[in-house]
Amino acid sequence: MSNKDLPAEEQLPFWGDLVSRELAPLTMTSADGAVDFPACASVLDLGAVRVAAFNSPPAYLRRTWADIRRADPGTYQLTFVSGSPLWISQQRQDSGLVLGDMVLFDLARPFEGEVPDKGRNTEVLILQLPRDGLPLPPDKVGPLLARPLSSRTGMGAILAGFMTTLHSYGPDCDPRELGRLGAMALDLAGASLAQHLGAYGDLPADTRRQAMLSRVNAFIDHNLGDPDLGPAEIAAHHHISVRSLHTLFLEEGETVAASIRRRRLERCHADLADPRLRRRPISAVAARWGFLRPADFSRAFRAAYGVPPREFRRSASHDQPAGQRVAPSDK
């Protein structure tokens, strides 16, 4: 969605109406008084959860009790801020300037916010979370409203990365997968907020399990190039037993070792299809992702994709589909 094709004087009214529709009724004014207000947005529905991306010039936002009486969507807005810093004020709490981190606000309460930097557009990713679906009661969440929430470490970093991935790749997912992704987002948001509160133990067992699984998956993805990566190292890093780690993956229908092998093969598959890496030896591609023995890699790749690595690279360089649409098997 974009207003860039509208006359300059119509851009801000159109954008204000759009934000009021997609979030909740509120008042928006230009922070620098400019007539033109070119902006764009996208919204991805994930069942009860939505991810909204907004890119717009600096603006001032205000939601009043009168706006709330018009419509209360029953959601929290967890906002990941990039581009230009913003501040949010709600419940006598003020976030200060937030950039590169997240801030939470509740659409059931009045708030105001602004991007004071007149030189750059604001870019935000908003995770819209149902108030009654978050695994934390409102009285627990209240102290976190309009407070900067780190997205640089721990669950906050995993959640911010997940939000970014949803925005980038979610539109390509099968509609049947979107509800599951929404449930994952809700669990990660609950775990991240609980971590900030020191109330992680208050979360439901399944939410804690999903949060731990997300942490483990992020660790695996970050360390795929380590040839020694295995269940013992993963379990030790997360302070759980190897047995608990295997139990965690049991419901996923894939063993820990199979998950590591599949992801390594997927990275090799992508690198071999990348024309920019055509001169890199196949053995170097394999070693980059943890396969130290070329013969072992060749057998694993052929078992997964039906063609040897060299043949796949050759066919990929000629834009032929051999083996490209086949996901690696667990065998």
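Since we're looking at a predicted model, the values are computed, not measured.

What counts and how
Residues numbered from 1 in each chain as written. Predicted model: local features only at pLDDT ≥ 70, side-chain atom pairs only at ≥ 80, totals over all residues. Heavy atoms only, no water. Helix = DSSP H or I, 4+ residues; strand = E, 2+ residues; numbered from the N terminus. Buried < 20%, exposed > 50% of the residue type's maximum accessible area, 1.4 Å probe, protein only. Contact = heavy atoms within 4.5 Å. Areas by Shrake-Rupley, 256 points an atom, 1.4 Å probe, with all protein chains shown as cover. Lys, Arg positive; Asp, Glu negative; His and termini not counted. Charge placed at Lys NZ, Arg CZ, Asp CG, Glu CD. Salt bridge = Lys/Arg side-chain N within 4 Å of Asp/Glu carboxyl O. Pairing = 2+ DSSP bridges. Axes fitted to C-alpha atoms, helices over the stretch in contact; angles between N-to-C directions. Parallel < 35°, antiparallel > 145°, perpendicular 65-115°, else oblique. Nonpolar A, V, L, I, M, F, W, Y, C, P; charged D, E, K, R; others polar. Phe/Tyr/Trp six-rings, centres within 6.5 Å; stacked < 30°, edge-to-face > 60°. Core = buried A, V, L, I, M, F, W, Y, C linked by side-chain atoms within 4.5 Å.

Q: Go over the overall build of the chain with me, naming the residues and quoting the values.
A: When its secondary structure is counted, the chain shows twelve helices and eleven strands. Taken over the C-alpha atoms alone, the chain extends approximately 70 × 50 × 35 Å along its principal axes. The 331 residues of the chain split such that 48% are buried. Taking the intrachain contacts of the chain between residues at least 6 apart in sequence as the baseline, contacts between residues at least 24 apart amount to 69%. Only carbon and sulfur atoms are counted for the fraction: they give 52% of the accessible area of the chain, which is about 16400 Å². When the 39 basic and 39 acidic side-chain charges of the chain are each reduced to a single mean position, those positions are 7 Å apart.

Q: I'd like a description of the pattern of salt bridges, backed by residues and values.
A: Counting across every chain of the model gives 13 salt bridges. Its salt-bridge partner being Arg 276, residue Asp 274 comes within 2.8 Å of it at the nearest N-O pair. Here Arg 299 and Asp 296 are joined by a salt bridge, their closest N and O atoms 2.4 Å apart. Of the two residues, Arg 299 and Asp 296 are both situated in helix H11 (residues 294-305); the distance of three residues between them amounts to about one turn of the helix.

Q: Could you give me a rundown of the sheet that holds strand E3 (residues 49-56), with the residues and numbers involved?
A: The strands that make up a sheet pair up through hydrogen bonds in the backbone, lying either parallel or antiparallel. Read across the sheet, six strands follow the order E2-E3-E10-E5-E8-E11 without closing on themselves; strand pairing throughout is antiparallel. Each edge of the open sheet carries a strand with a single partner, namely strand E2 (40-46) and strand E11 (148-149). Relative to strand E10 (residues 122-130), strand E5 (residues 75-82) runs antiparallel, the two sharing eight bridges. For Thr 75, the partnering residue across the bridge sits in E10 and is Pro 130. Running at roughly 165° to E3, helix H1 (residues 8-22) makes contact with E2, E3 and E10 of the sheet. Packed onto the sheet, helix H4 (residues 154-169) meets E2, E3, E5, strand E8 (102-106) and E10 and runs at close to 100° relative to E10.

Q: An account of the pairing of strand E6 (residues 87-90) is requested, with residue identities and associated values reported.
A: Within a regular strand, side chains alternate between the sheet's two faces. Of the two faces of E6, the one carrying Trp 87 and Ser 89 and the one carrying Ile 88 and Gln 90 are both buried. Note: E6 against strand E9 (residues 111-114), three bridges, orientation antiparallel. Bridged to Trp 87 within E9 is Glu 114. Note: E6 against strand E7 (residues 93-94), two bridges, orientation antiparallel.

Q: Explain the packing of helix H5 (residues 175-197) against helix H6 (residues 205-222) residue by residue, including any values.
A: In contact at an axis separation of 9 Å, H5 and H6 are set at 90° when each is read in the N-to-C sense. By the criterion of interaxial angle, the relationship of H5 to H6 is roughly perpendicular. Of the residues in H6, those in contact with Asp 187, Leu 188 and Ala 191 of H5 are Thr 207, Gln 210, Ala 211 and Ser 214. Looking at the contact of H5 with H6 residue by residue, the classes come out as three nonpolar, three polar and one charged.

Q: Could you give an account of the packing of aromatic side chains, naming the residues involved and the relevant values?
A: One pass over the full model with this rule turns up six aromatic pairs. Between Phe 301 and Tyr 305, the aromatic rings sit 4.8 Å apart at their centres with planes inclined by 40°, giving tilted as the arrangement. One end of the pair, Phe 301, and the other, Tyr 305, are both in helix H11, four residues apart, so they sit about a helical turn from each other. Per residue, the accessibility class of Phe 301 equals that of Tyr 305, and both read buried.

Q: Explain the environment of Pro 110 residue by residue, including any values.
A: Position of Pro 110 relative to the elements: it lies in the loop between E8 and E9. On the accessibility criterion, Pro 110 (24% relative accessible area) is partly exposed.

Q: Please set out the nonpolar core residue by residue, giving values where relevant.
A: Ranked by internal contacts, the top residues of the largest apolar core, which has 37 residues, are Leu 46, Leu 78, Leu 104, Leu 127, Leu 129, Leu 134 and Leu 159. Looking at this core, the elements that each hand over two or more residues are E2, E3, E5, E8, E10, H4 and H5. Ranked by residue count, the leading element in this core is H5, at nine residues. Setting aside anything within four residues of it in sequence, one finds Leu 104 in contact with Tyr 76, Gln 77, Leu 78, Val 141, Leu 144, Leu 145, Ala 146, Arg 147, Leu 149 and Leu 193. One finds Phe 219, Leu 245, Ala 286 and Ala 300 within the second-largest nonpolar core, a separate group that totals 30 residues.

Q: Which residues make up the sheet that holds E6, and what are the values?
A: Spatially, five strands are ordered E1-E4-E9-E6-E7 in an open sheet, and the strand pairing comes out antiparallel. Bordering the open sheet on either side are strand E1 (27-30) and E7, each of which pairs with just one other strand.

Q: So what's going on with the pairing of E8? Which residues, and what values?
A: A large share of E8 lies buried, amounting to five of its five residues. Along E8, one buried face is formed by Met 102, Leu 104 and Asp 106 and the opposite face, lined by Val 103 and Phe 105, is buried too. In the sheet, E5 pairs with E8 via five bridges, with the strands oriented antiparallel. Bridge pairing links Gln 77 to Phe 105 in E8.

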